[in-house]
Amino acid sequence: FCFASSLFQEKKECNIHKTAIVHPSAIIGENISIGPYSVIEKDVIIGDNVEIGSHSNIRYCEIGKESVIGSGVKIGLDTIGHQKYDDGTWLKRPFFKKVIIGNGVFIYSGVIISRGFLDNTEIGENSIIGEGTCIGSGVSIKKSCLLGKSVTVSGSVKINDYSIIWGNASIRDRIKIGKDVVVGMGSVVVKDVEDSTTVFGNPARKQNHS
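Residues numbered from 1 in each chain as written. Predicted model: local features only at pLDDT ≥ 70, side-chain atom pairs only at ≥ 80, totals over all residues. Heavy atoms only, no water.

Student: Before we go on, may I ask you to explain the overall build of the chain in this structure?
Tutor: When you go through the chain residue by residue, the secondary structure sums to one helix and 29 strands. In terms of overall size, the chain behaves like a compact globule, its C-alpha atoms giving a radius of gyration of 18 Å where 210 residues would be expected to give roughly 17 Å. Per-residue burial over the chain gives 38% buried out of 210 residues. Taking all contacts inside the chain whose residues are at least 6 apart in sequence as the whole, residues at least 24 apart take part in 12%. Here the chain has roughly 11700 Å² of accessible surface; of this, 52% comes from carbon and sulfur atoms. Of note, the chain has its 24 positive side-chain charges centred 5 Å away from the centre of its 22 negative side-chain charges. (Helix = DSSP H or I, 4+ residues; strand = E, 2+ residues; numbered from the N terminus. Rg over C-alpha atoms; globule rule 2.2 N^0.38 Å. Buried < 20%, exposed > 50% of the residue type's maximum accessible area, 1.4 Å probe, protein only. Contact = heavy atoms within 4.5 Å. Areas by Shrake-Rupley, 256 points an atom, 1.4 Å probe, with all protein chains shown as cover. Lys, Arg positive; Asp, Glu negative; His and termini not counted. Charge placed at Lys NZ, Arg CZ, Asp CG, Glu CD.)

Student: What's the story with the sheet that holds strand β28 (residues 198–200) in this structure? I'm lost.
Tutor: Sheet strands line up and pair through hydrogen bonds in the backbone, either parallel or antiparallel. Across the sheet, ten strands lie side by side as β3-β6-β9-β14-β17-β20-β23-β26-β28-β29; this open sheet has mixed pairing. This sheet does not close on itself; its edge strands, each paired only once, are β3 (33–34) and β29 (205–206). When strand β23 (residues 164–165) meets strand β26 (residues 182–183), the two strands line up parallel, connected through two bridges. Residue pairing for β26: I164 is matched across the bridge by V182. (Pairing = 2+ DSSP bridges.)

Student: What am I meant to see in the sheet that holds strand β8 (residues 61–63) here?
Tutor: Sheet architecture is open: eight strands sit in the order β2-β5-β8-β13-β16-β19-β22-β25, paired in parallel fashion. The open sheet has two free edges, formed respectively by β2 (27–28) and β25 (176–177), since each of these has just one partner strand. As defined by bridge partners, β2 adjoins strand β5 (residues 44–46) across two bridges and the pair is classed as parallel. Paired with I28 across the two strands is I46, which belongs to β5.

Student: I tried to follow the packing of aromatic side chains on my own but got confused; where do I start?
Tutor: The description of an aromatic ring pair uses the distance of the two centres, along with the angle that the planes make with each other. Going through the model one piece at a time under the given rule, you end up with two aromatic pairs. Judged by centre distance (6.2 Å) and plane angle (35 degrees), the rings of F96 and F117 are tilted. Here F96 is found in the loop between β12 (90–92) and β13 (99–101), whereas its partner F117 is found in the loop between β15 (112–114) and β16 (121–123), with 21 residues between them in sequence. The class for F96 is exposed, based on a relative accessible area of 56%. Each ring, one from F106 and one from Y108, has its centre 4.7 Å from the other, and the planes form 35 degrees; the classification is tilted. You can call F106 partly exposed: its relative accessible area is 33%. Its end group placed over the ring of Y60, R115 keeps NZ or CZ at 3.8 Å from the ring centre. (Phe/Tyr/Trp six-rings, centres within 6.5 Å; stacked < 30°, edge-to-face > 60°. Lys NZ or Arg CZ within 6 Å of the ring centre and 35° of its normal.)

Structure, rendered in structure tokens:
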């Protein structure tokens, strides 16, 4: 039904709004639409037929073709990466990697995706990221995943193909989420989840089908 409906949608004329700022080093594909007051900074590569909404800020990022980036999205910025010393002072560690977004990804408004420290942050092809979701440094989300509204994914989490993380769920750092997993709304995931499993709760536990 969704595919059939798309055939009847009016095709928008792609353009870069006059208030948008695009760094001279950015590589921009064909048929790109960039909304008002968005900023495309250095080291950005954008594939063909990509749509970017208004007031978004993108840096250190590669975006695959046919992807949609909503308004107010922040991609490739540094995140909290401080180390505390015994005397109570904090040292901010540097970030060296970028964000890689696959083909056909849909990112809704207000999403924040941090760039990687030693590994790239990755969003796999045909994945959907809901409004207000926050994705930490070095996270790997594989193909055809769905993250609902206001999900929090901490650093270095791995989410495998076809998994669904429903709204307001939180996943602690370095957790591995298997293939075809469902995480219930508001769940807090503190340990690895095996393939084809449904978990929910705080802490998240495997659903009992008995």
